[in-house]
Amino acid sequence: MAAQVPRNFKLLAELEKGEKGMGAGACSYGLEDPEDIYMTHWRGTIWGPPHGNHENRIYELKMECGPNYPKEPPEIHFVSQINLPGVSPIDGKVDKNAVAILRDWSRIAAELAKNARPKEDPLSLEAALIAIRKYMDEHKKLPQPPEGSKYQIYR
């Protein structure tokens, strides 16, 4: 059985990667509040994929890493309004069953617990943002709300 990385160590590594901009260029992320010692509340940004209705748009997201992260996926909400299947039109919550990595997160985490961790961590905030961006690209022709609009709860 592989050793489990404690939650805070994993989140510290993710924070360092996010702050140094070492991740994917189309996504960024960091703590919502630098004083959040439990590293629970995060903000993310996704640059809209090209060649569709998301092009040249920047989408803001909120991510919450609960006490069981990384065994369980983060809860993710769009702050920026978006028309996307599996995203609540009320509060922007991303249905974890709509995005493969979120749906399969717990199973993958259980498999990783049994085996040595790969060099690139398949379960991270960055991986979730990249998967959501790919999902957006699959639905790039859907009409979108006016650029800059936010869900009511975030105004």
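The structure reproduced in this document is the subject of the present report. On a predicted model such as this, the values are computed, not experimentally measured, just so you know. (Residues numbered from 1 in each chain as written. Predicted model: local features only at pLDDT ≥ 70, side-chain atom pairs only at ≥ 80, totals over all residues. Heavy atoms only, no water.)

## Let's talk about the side chain of Asp36
- Mapped onto the elements of the fold, Asp36 is located in the loop between β1 (27-31) and β2 (41-47).
- For the buried Asp36, no salt bridge exists, and the shortest N-O distance to an oppositely charged side chain is 7.0 Å, to Arg7.
- When residues no more than four places from it in sequence are discounted, the contact partners of Asp36 are Leu31 and His41. (Helix = DSSP H or I, 4+ residues; strand = E, 2+ residues; numbered from the N terminus. Buried < 20%, exposed > 50% of the residue type's maximum accessible area, 1.4 Å probe, protein only. Lys, Arg positive; Asp, Glu negative; His and termini not counted. Salt bridge = Lys/Arg side-chain N within 4 Å of Asp/Glu carboxyl O. Contact = heavy atoms within 4.5 Å.)

## A closer look at the packing of aromatic side chains
- Scanning the entire structure with this criterion turns up three aromatic pairs.
- Ring centres 6.1 Å apart and planes at 90° place the aromatic pair Tyr59 and Phe78 in the edge-to-face group. You can see Tyr59 sitting in strand β3 (residues 58-64) and its partner Phe78 sitting in strand β4 (residues 75-78), a full 19 residues away along the chain.
- Look at Phe78 and you get buried, because its relative accessible area is 0%.
- Between Tyr69 and Trp105, the ring centres sit 5.8 Å apart and the planes meet at 40°, which makes this aromatic pair tilted. With Tyr69 in the loop between β3 and β4 and Trp105 in helix α2 (residues 100-114), the pair connects residues that are 36 residues apart, well separated along the chain. In this structure, Tyr69 and Trp105 share a single accessibility class: buried. (Phe/Tyr/Trp six-rings, centres within 6.5 Å; stacked < 30°, edge-to-face > 60°.)

## Re the pairing of β1
- Buried residues dominate β1, accounting for four of its five residues.
- Strand direction decides the pairing type here: β1 and β2, joined by five bridges, are antiparallel. From the neighbouring strand, Leu31 faces β2, where its bridge partner is Trp42. (Pairing = 2+ DSSP bridges.)

## Observations regarding the nonpolar core
- Residues Trp42, Phe78 and Val99 are the most contacted members of the largest nonpolar core, which totals 37 residues.
- For this core, the elements supplying multiple residues, two or more each, are α1 (7-19), β1, β2, β3, β4, α2 and α3 (125-138).
- In terms of residue count, α3 provides more of this core than any other element does, eight residues in total.
- The contact partners of Phe78, leaving out residues within four places of it in the chain, are Tyr59, Glu60, Leu61, Leu84, Val87, Asp91, Gly92, Val94, Ile132, Met136, Tyr151 and Tyr154. (Core = buried A, V, L, I, M, F, W, Y, C linked by side-chain atoms within 4.5 Å.)

## Section: α3
- Between its terminal C-alpha atoms α3 stretches 20 Å, which fits the 20 Å expected from 14 residues at 1.5 Å a residue.
- Among all positions of α3, only Leu125, Glu126, Ala127, Ala128, Leu129, Ala131, Ile132, Tyr135 and Met136 are buried.
- In the core, the buried residues of α3 are packed alongside α1, β1, β2, β3, β4 and α2. (Expected span 1.5 Å × (residues − 1).)

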